[in-house]
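# Fold and geometry: a report
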Amino acid sequence: VQLQASGGGLVQAGGSLRLSCAASGGTFSSYGMGWFRQAPGKEREFVATISWSGGTPAYADFVNGRFTISRDNAKNTVNLQMNTLKPEDTGVYYCAAAYPLAPNLGRRTASYAYWGQGAQVTVSS
């Protein structure tokens, strides 16, 4: 499956962005999906994950209710709505797909076989 992320950009602290990831070349509704991010000089870290059915979303602790992951299997897309952004949210955001994805493994980068190219998110203070 091929993944294409979009929707990144520059926003002031406290603002919002919506990332989208379009999938092609596979049976999207079978894949568990995740969002990860990587800041300069840091390792890639988990942000959010959602199961193939759209149920059981899970988030990193730092999200603290600010982000929402969702998917539309009819449109082969997964989204990440990010509100109340902070400068420390700056980084490249990657969408990823896994099949199968066990419910307890969605936070691990190693669980995902397919990755998009990343979308830059910059939050200014």
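Just above sits the structure.
Residues numbered from 1 in each chain as written. Predicted model: local features only at pLDDT ≥ 70, side-chain atom pairs only at ≥ 80, totals over all residues. Heavy atoms only, no water.

As a further point, take the overall build of the protein. A tally of regular secondary structure across the protein gives zero helices and eleven strands. Helices and strands appear in the protein in the N-to-C order β-β-β-β-β-β-β-β-β-β-β. Taking 14 Å as the expected radius of gyration for a compact globule of 125 residues, we find that the protein reaches 13 Å, a close match to that expectation. Its C-alpha atoms give the protein principal-axis dimensions of about 40 × 25 × 25 Å. Across the 125 residues in the protein, those meeting the buried criterion constitute 42%. Within the protein, counting contacts between residues at least 6 apart in sequence, those at least 24 apart form 58% of the total. With the model as given, the accessible surface of the protein reaches about 6300 Å², and the carbon-plus-sulfur share is 49%. Measuring between centres, the 10 positive side-chain charges of the protein sit 5 Å from its 6 negative side-chain charges. (Helix = DSSP H or I, 4+ residues; strand = E, 2+ residues; numbered from the N terminus. Rg over C-alpha atoms; globule rule 2.2 N^0.38 Å. Buried < 20%, exposed > 50% of the residue type's maximum accessible area, 1.4 Å probe, protein only. Contact = heavy atoms within 4.5 Å. Areas by Shrake-Rupley, 256 points an atom, 1.4 Å probe, with all protein chains shown as cover. Lys, Arg positive; Asp, Glu negative; His and termini not counted. Charge placed at Lys NZ, Arg CZ, Asp CG, Glu CD.)

With respect to the helices and strands, Arg66 occurs in the loop between β6 (58–59) and β7 (67–72). Classification of Arg66 as buried rests on a relative accessible area of 9%. There is a polar contact of 2.7 Å between the side chain of Arg66 and the side chain of Asp89. Among all residues touching Arg66, those that are not within four sequence positions of it are Gln81, Met82, Asn83, Thr84, Leu85, Lys86 and Asp89. (Polar contact = N/O pair within 3.5 Å; in protein donor to acceptor, adjacent residues only side chain to side chain.)

We now examine the sheet that holds β7. Ordered in space as β1-β3-β8-β7, the four strands form an open sheet in which the pairing is antiparallel. At either end of the open sheet lies a strand with only one pairing partner, and these are β1 (2–6) and β7. Going from strand to strand, the sheet's axes swing by 15° on average, the running direction of each strand aside. Examined bridge by bridge, β1 and strand β3 (residues 17–24) share five bridges and lie antiparallel to one another. (Pairing = 2+ DSSP bridges. Axes fitted to C-alpha atoms, helices over the stretch in contact; angles between N-to-C directions.)

We now examine the pattern of salt bridges. Inspection of the entire model under this criterion finds three salt bridges. Notably, a salt bridge pairs Arg37 with Asp89, separated by 2.8 Å at the nearest N-O pair. A residue pair is termed long-range when its members are at least 10 positions apart, and Arg37 in strand β4 (residues 32–38) and Asp89 in the loop between β8 (77–82) and β9 (91–98) qualify at 52 residues. By relative accessible area, which is 1% here, Asp89 ends up buried. In this structure, the salt-bridge partner of Arg66 is Asp89, at a minimum N-O distance of 2.7 Å. Placement of Arg66 in the loop between β6 and β7 and of Asp89 in the loop between β8 and β9 is noted, with a sequence separation of 23 residues between them. Just as Arg66 is buried, Asp89 falls in that class too. The network of salt bridges with common partners includes Arg37, Glu45, Arg66 and Asp89. (Salt bridge = Lys/Arg side-chain N within 4 Å of Asp/Glu carboxyl O.)

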